[in-house]
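Inside the fold
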Amino acid sequence: MNITSFTQRLVFSIFLLVAPVTWASQVAVPAPPQLAAKSYVLMEASSGKVLVENNGDQRLPPASLTKLMTAYIATLEIRKGKIGEKDLVTVSEHAWRTGGAASGGSTMFLPINSQVTVDDLLHGIIIQSGNDASIALAEYIAGSEDAFADMMNATAERLGMNNSHFMNATGLPHPEHYSSAHDMAILARAIINEDQEHYAIYAQKEFFWNNIKQGNRNLLLWRDSTVDGLKTGHTEEAGYCLVASAVRDGARMITSVFGTVSEQARAAETQKLLTYGFRFFETRTFYKQGQELAQAQVWKGATAQVKAGLAADLSLTLPKGQLEKLQAGMTLNPQLTAPIAQGDVIGKVEVKLGEELVHSADLIALENVEQGSFFRRVWDSIRLFFYGLFN
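Here the structure is a predicted model, which means the values were calculated and not measured. (Residues numbered from 1 in each chain as written. Predicted model: local features only at pLDDT ≥ 70, side-chain atom pairs only at ≥ 80, totals over all residues. Heavy atoms only, no water.)

Here's the deal with the sheet that holds strand S11 (residues 294–299)
Note the following rule: Two strands pair if DSSP finds at least two bridges between them. Labels follow the DSSP assignment, with helices taken as runs of H or I lasting at least four residues and strands as runs of E lasting at least two, numbered in each case from the N terminus.
As summarised here, the arrangement of the six strands in space is S14-S16-S17-S12-S11-S15, forming an open sheet in which the pairing is mixed. In this open sheet, the two edge strands, each paired with only one partner strand, are strand S14 (326–332) and strand S15 (336–337). Taken together, the seven bridges between S14 and strand S16 (residues 345–353) define a ladder with antiparallel strand orientation. Residue pairing in the sheet places Thr331 in a bridge with Lys348 of S16.

Dropping the structure here:
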């Protein structure tokens, strides 16, 4: 089989795989709801595609949504083995005075100089929104809240949260402490995708500690059985904020709403976005990361072919009825020459809706291919010479 026919076969085969056999009839997509909020974003979780946004990148005070980053870093440190869930953390005077009961803010009611496990503090941050728990855990991880804020900003940069800057672990007001609805959706997606075990905490409706029971302030946990997180926030300056997520029929949506006027309003406005997303959009993961999609010909190699696949899942979200119209093509580099390292880009996948390019992704080598024998290299050099003459 020559290279040209090999590539054509790949284009045909991937088209068959991308185009589903049957889908629901196309539904006209109305304009998205207009929310009574300063800014908001609706994101499809598997692809990260923003379906609806209004002032999504506007820098605003995030209030206690900040604690999503505090909890995210804590769970990262647990997974890295740098801290343990049963570690005992001593509550400093700063944590007690700034975030404790006397502060008048949301608190876990930690006594000064008491010792609390990392796991309890994590629950106190996520469910009870404890300022004292946030500061105590930040100090345990980084030595001081200021040093922890540096970790928060470095993590935000890594995640691509380009409109966020953190000055503390709590979200207490500070002129240089801000985030955006889009950034908080990005952070929520990382929390959900990277650590399902700890993400389960966000769905808990209450937490009982030190003979005090406090309920989760996310009203949607009681109103909508498909909602399983994430976090509320409120200060006078920020208004009432909510980052939420829900799963219906295997699809997950993330919402981020900043600046509503009440607890009831932030829940109701968030519900509008979730309803719109699930009603009018659908998502399908066509290929998983590392899945073999083709075998590409290799010249001068110890083997004649290399497995090709994607570095990340290929998931697409479109208005209902449009996925069936997708067409895709795969092209491979026709002169792949060994050595080839795993992860090298060796081609491209393009998915189109009519003439519109919907998605493009690099095809990578899924394995190493070493150079072949001297005879193999010479023979393939001769073949390539004649191939160049006739193509």
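Overview of the packing of aromatic side chains
The cut-off we apply is this: Any two of the Phe, Tyr and Trp rings considered here, Trp counted by its six-membered ring, make a pair once their centres fall within 6.5 Å; the pair's planes then place it as stacked at under 30 degrees, edge-to-face at over 60, or tilted in between.
With the rule as written, the count across this model stands at three aromatic pairs. Through successive ring pairs, a cluster of aromatic residues spans Tyr276, Phe280 and Phe281.

What about the side chain of Asp132?
What counts here: For every residue, the accessible area obtained with a 1.4 Å probe (protein chains only) is divided by the maximum for its type, and the residue is called buried under 20%, exposed over 50%, and partly exposed between those limits. His is not counted here, nor are the chain ends, while Lys and Arg score as positive and Asp and Glu score as negative. Salt bridge criterion: a side-chain nitrogen from Lys or Arg within 4 Å of a carboxyl oxygen from Asp or Glu. Whenever a nitrogen or oxygen atom comes within 3.5 Å of another N or O atom, the pair is scored as a polar contact, on the condition that within protein one atom can donate a hydrogen and the other can accept it, and that pairs from neighbouring residues in sequence are kept only if both atoms are in side chains. Contacts between residues were defined by any pair of non-hydrogen atoms, one from each residue, lying within 4.5 Å.
Residue position: Asp132 is located in helix H5 (residues 131–142). Buried and without a salt bridge, Asp132 has Lys67 as its closest oppositely charged side chain, separated by 7.7 Å. Polar side-chain contacts of Asp132 include one of 3.0 Å to the backbone nitrogen of Leu110. The contacts of Asp132, once residues within four sequence positions are left out, are Ala95, Gly99, Gly100, Thr107, Met108, Phe109 and Leu110.

Structural notes on helix H4 (residues 118–126)
A large share of H4 lies buried, amounting to eight of its nine residues. Restricting attention to buried positions, one finds in H4 the residues Val118, Asp119, Leu121, Leu122, His123, Gly124, Ile125 and Ile126.

Quick notes on the side chain of Ser256
Among the secondary structure elements, Ser256 is positioned in strand S9 (residues 251–260). A distance of 2.9 Å separates a polar side-chain atom of Ser256 from the backbone oxygen of Ala181. In contact with Ser256, not counting residues within four places along its chain, are Ser39, Tyr40, Val41, Ala181, Met184, Ala185, Leu242 and Val243.

Focus on the pattern of salt bridges
Here the structure, examined in full by the defined rule, presents nine salt bridges. Note that Lys80 and Glu77 form a salt bridge whose closest N and O atoms lie 4.0 Å from each other. Overall, the relative accessible area of 8% leaves Glu77 in the buried class. We note a salt bridge from Arg79 to Glu194, for which the minimum N-O separation is 3.5 Å.

Considerations on the environment of Ser103
Turning to its location among the elements, Ser103 is positioned in the loop between helix H3 (93–99) and strand S4 (115–117). Once the C-alpha coordinates of Ser103 and Asn131 are considered, the two residues, 28 residues apart in sequence, prove to be 9.2 Å apart. Ignoring anything within four residues of it in the chain, the contact list for Ser103 reads Arg97 and Thr98. In terms of polar contacts, Ser103 uses its side chain to reach the backbone carbonyl oxygen of Gly100, at 2.6 Å.

Comments concerning the confidence of the model for the protein
Here is the rule we go by: Scored between 0 and 100, pLDDT is the confidence that the predictor attaches to each residue.
Scored by pLDDT, the protein has a mean of 90; 92% of the residues are at 70 or more. Low confidence marks residues 1–26, where pLDDT is under 50. Its contacts with residues over four positions away, or in another chain, come to 49 contacts.

Focus on a nonpolar patch on the surface
Under the convention used in this document: Patch criteria: residues need more than 30% relative accessible area and no salt bridge. Like-charged residues are merged within 9 Å; nonpolar side chains of Val, Leu, Ile, Met, Phe, Trp and Tyr are merged within 5 Å. Computed with a 1.4 Å probe, the accessible areas rest on the Shrake-Rupley method; for each residue, only the protein chains presented here act as cover.
A contiguous nonpolar surface patch, about 570 Å² in accessible area, is contributed by Phe374, Phe375, Val378, Trp379 and Ile382. Relative to the helices and strands, Phe375 is located in helix H11 (residues 374–390). Exposure remark for Phe375: the relative accessible area of 63% places this residue in the exposed category.

Some details on the nonpolar core
Note the cut-off: Each nonpolar core is a collection of buried residues, namely Ala, Val, Leu, Ile, Met, Phe, Trp, Tyr and Cys, held together in the definition by side-chain atoms within 4.5 Å.
Counting 60 residues, the largest nonpolar core has Met69, Leu121 and Leu187 as the members making the most contacts within it. Residue contributions to this core peak at nine residues, all from helix H7 (residues 181–194). When residues no more than four places from it in sequence are discounted, the contact partners of Leu187 are Leu68, Met69, Tyr72, Leu159 and Met161. The next biggest cluster of nonpolar side chains, apart from the first, holds 28 residues, and it includes Phe286, Tyr287, Leu332 and Val351.

Regarding the packing of helix H2 (residues 66–79) against H7
Between two packed helices, what matters for the description is the angle formed by their axes and the separation of those axes. Spelled out, the test is: Comment: axis = line fitted to C-alpha atoms, over the contacting stretch for helices; angle = value between 0 and 180 degrees taken between N-to-C directions. Here the word oblique covers every angle except those under 35 degrees (roughly parallel), over 145 (roughly antiparallel) and from 65 to 115 (roughly perpendicular). Two helices that cross are described as forming a left-handed crossing if the nearer one is turned anticlockwise from the farther one by less than a right angle, and a right-handed crossing if clockwise. Residues were grouped as follows: Ala, Val, Leu, Ile, Met, Phe, Trp, Tyr, Cys and Pro as nonpolar; Asp, Glu, Lys and Arg as charged; and all remaining residues, including Gly, as polar.
Relative orientation of the contacting elements H2 and H7 amounts to 30°, with a least axis distance of 10 Å. As the angle between them shows, H2 and H7 are arranged roughly parallel. Here the hand of the crossing between H2 and H7 comes out left-handed. Of H7, the residues touching H2 (which contributes Thr66, Leu68, Met69, Tyr72, Leu76 and Arg79) are Met184, Leu187, Ala190, Ile191 and Glu194. Along the lines of polarity and charge, the residues of the contact of H2 with H7 split into eight nonpolar, one polar and two charged.

Description of unusual backbone geometry
A cis geometry characterises the amide bond from Gly229 onward to Leu230, with omega recorded as 10°. Here Leu230 is to be found in strand S7 (residues 227–235). Backbone geometry places Phe109, a non-glycine residue, at a positive phi of 65°. With respect to the element layout, Phe109 can be found in the loop between H3 and S4.

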